[in-house]
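Coordinate inspection notes
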Amino acid sequence: RQDRSLWSMAPTVYLPSLLFGIGQGAIVPVVVLSARDLGASVAVAGVAAAAVGLGRMTGDIPAGALAGRVGERYAMLLAAVLALLSLGACVLASAPWVLCAALLALGVSTAVWNLARQSYLTESIPFGLRGRALSTLGGMQRIGLFAGPFLAAAVMGPLGIDGGYWVHIATVVLAAGVVLWMPDPGRRAPQRPAAHGAGTLKVIGAHLPLFRTLGLGTLMVSAVRSSRQVIIPLWAAEQLGLDAVTTTLIFGLSGAVELVLFYPGGLAMDRLGRHWV
């Protein structure tokens, strides 16, 4: 297998992930605000914010099976189509439950998108570079979560809260265009369906000790990280009475800490080991 530098993978792997991440960053701070605008209570607004994460969690294992069946590129294009439909439903939502359902579907599309790229990197990158490669992939999402709110804030001036969704629609179209038109040197042949016959419950049962230990720790860390997606918008908008644009800018600044840590984390993983990190 020919070694590839991280730079050589930037156009086909990291650029689409960056674009998709910018869109994600654009909508994260406005989900709670748009739910409130539709008449949702604070609790229901929190559920709306959690719907994306729930969609990711329930879609992870089917997403891996889909990527194995049709290949990474086609899986990402299917994810882009589902994301566009979901975002359109968010813009047109007339009730909180419609918004929650659309966000749930958006989470599933995000799971497919992320799994397809991770699958390619895991298989194609040499072991000595794998930590940096995967952390850089995560870094693209963090850059997006940092830049997306500022772009959304600029668009929300003329378009209102829905501006965040329109930014994500634009970035999904651009990301899908990159995936569609640029060659993917790492695409593998689709696997036979029989290789992915296990369902979600069977996978959980077969690896229960792993989910009970490492999985529980990951769940706790993810809960802390995800809480800011609800707490910051509600605190800024509900408690301090700030407008949507200012709230979005504050959320963008909160992503700066994650942004500066992704590459040092991957470097430490490669040099010191995953257990130490």
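About the criteria used
Think of each chain on its own: its residues are numbered from 1, step by step along the sequence as written. Reporting of local features is limited, given that this is a predicted model, to residues whose pLDDT is at least 70; pairs of side-chain atoms are given and counted only at 80 or more, and all residues count toward the totals for whole chains, interfaces and linings. Side-chain metrics rest on all non-hydrogen atoms present in the structure, leaving aside hydrogens and water. Counting from the N terminus, the helices are DSSP H or I runs at least four residues long and the strands are E runs at least two residues long. The contact criterion used throughout is that any non-hydrogen atoms of two residues lie within 4.5 Å. Note on areas: Shrake-Rupley with a 1.4 Å probe; residue coverage comes only from the protein chains shown. Centres within 6.5 Å make a pair out of two Phe, Tyr or Trp rings, where for Trp the six-membered ring is used; the pair is then stacked when the planes are under 30 degrees apart, edge-to-face when over 60, and tilted otherwise. Any residue under 20% of the maximum accessible area for its type is buried, any over 50% is exposed, and the rest in between are partly exposed; the area is computed with a 1.4 Å probe on protein chains only. Note on terminology: a nonpolar core comprises buried Ala, Val, Leu, Ile, Met, Phe, Trp, Tyr and Cys residues joined through side-chain atoms within 4.5 Å. Note on method: axes are straight lines fitted to C-alpha atoms, helices fitted across the in-contact stretch only, with angles between N-to-C directions ranging 0 to 180 degrees. Throughout, the term roughly parallel applies to angles under 35 degrees, roughly antiparallel to angles over 145, roughly perpendicular to angles from 65 to 115, and oblique to all others. Here the term charged refers only to Asp, Glu, Lys and Arg, the term nonpolar to Ala, Val, Leu, Ile, Met, Phe, Trp, Tyr, Cys and Pro, and the term polar to all other amino acids, Gly among them. Should the near helix be turned anticlockwise from the far one by less than a right angle, the crossing is termed left-handed; should it be turned clockwise, right-handed. For every residue, the predictor states its confidence as a pLDDT score lying anywhere from 0 to 100. The angle between axes fitted to the seven-residue stretch ending at a residue and the seven-residue stretch beginning at it gives the bend at that residue.

Here's the deal with the overall build of the protein chain
Secondary structure summary: the protein chain contains 10 helices and zero strands in total. The linear arrangement of helices and strands in the protein chain, starting from the amino end, is α-α-α-α-α-α-α-α-α-α. By sequence separation, contacts in the protein chain at least 24 residues apart represent 82% of the contacts at least 6 residues apart. When the accessible surface of the protein chain is summed, it comes to about 13,700 Å², and 70% of that surface belongs to carbon and sulfur atoms.

A few points about the packing of aromatic side chains
Throughout the structure, instances matching the rule amount to two aromatic pairs. On the numbers, 4.5 Å between centres and 15° between planes, the contact of Phe20 with Trp113 is stacked. In this pair, Phe20 sits in helix H1 (residues 10-37) while Trp113 sits in helix H4 (residues 96-124), placing the two residues 93 residues apart along the sequence. Per residue, the accessibility class of Phe20 equals that of Trp113, and both read buried.

Observations concerning the nonpolar core
Core analysis: the largest hydrophobic core is formed by 49 residues, its most contacted members being Leu87, Leu99, Leu103, Trp113 and Tyr165. In this structure Leu87 touches Ile27, Leu106, Tyr165, His168, Ile169 and Val172, once residues within four positions along its chain are discounted. Ranked by size, the runner-up nonpolar core spans eight residues in total, among them Tyr120, Ile125, Leu137 and Met140.

Let's talk about the packing of helix H2 (residues 42-70) against helix H3 (residues 72-92)
Between H2 and H3, whose axes approach to 7 Å, the crossing angle comes to 125°. One finds that H2 runs oblique with respect to H3. Between H2, through Leu66, Ala67 and Val70, and H3, the contact on the second element is made entirely by Glu72, Tyr74, Ala75 and Leu78. Per-class residue counts for the contact of H2 with H3 are six nonpolar, no polar and one charged.

Some thoughts on the packing of helix H8 (residues 208-239) against helix H9 (residues 244-254)
At a closest axis distance of 9 Å, the pairing of H8 and H9 adopts a crossing angle of 140°. As for the relative orientation of H8 and H9, their crossing is right-handed in sense. Between H8 and H9, the residues in contact are Arg228, Gln229, Ile232, Pro233, Ala236 and Ala237 and Thr247, Ile250, Phe251 and Ser254, respectively. When the residues that make up the contact of H8 with H9 are grouped by side-chain class, the tally is six nonpolar, three polar and one charged.

With respect to the confidence of the model for the protein chain
Taken residue by residue, the protein chain gives an average pLDDT of 80. The fraction at 70 or more is 88%. When the elements of the protein chain are averaged for pLDDT, helix H7 (residues 200-206) gives the smallest value, 73, and helix H6 (residues 163-181) the largest, 93. Note on residues 185-197: pLDDT is under 50 here. Beyond four places in sequence and across chains, it has 26 contacts.

So, the environment of Ile231
Along the polypeptide, Ile231 turns up in helix H8. Spatially, the C-alpha atoms of Ile231 and Val32 are 9.4 Å apart, while their sequence positions differ by 199 residues.

Quick notes on H8
Gly215 marks where H8 bends most, by close to 40°. Within the span of H8, buried status applies to Arg228, Val230, Ile232, Pro233, Leu234 and Ala236. Two residues or fewer past H8, Gly241 is found with a positive phi of approximately 70°.

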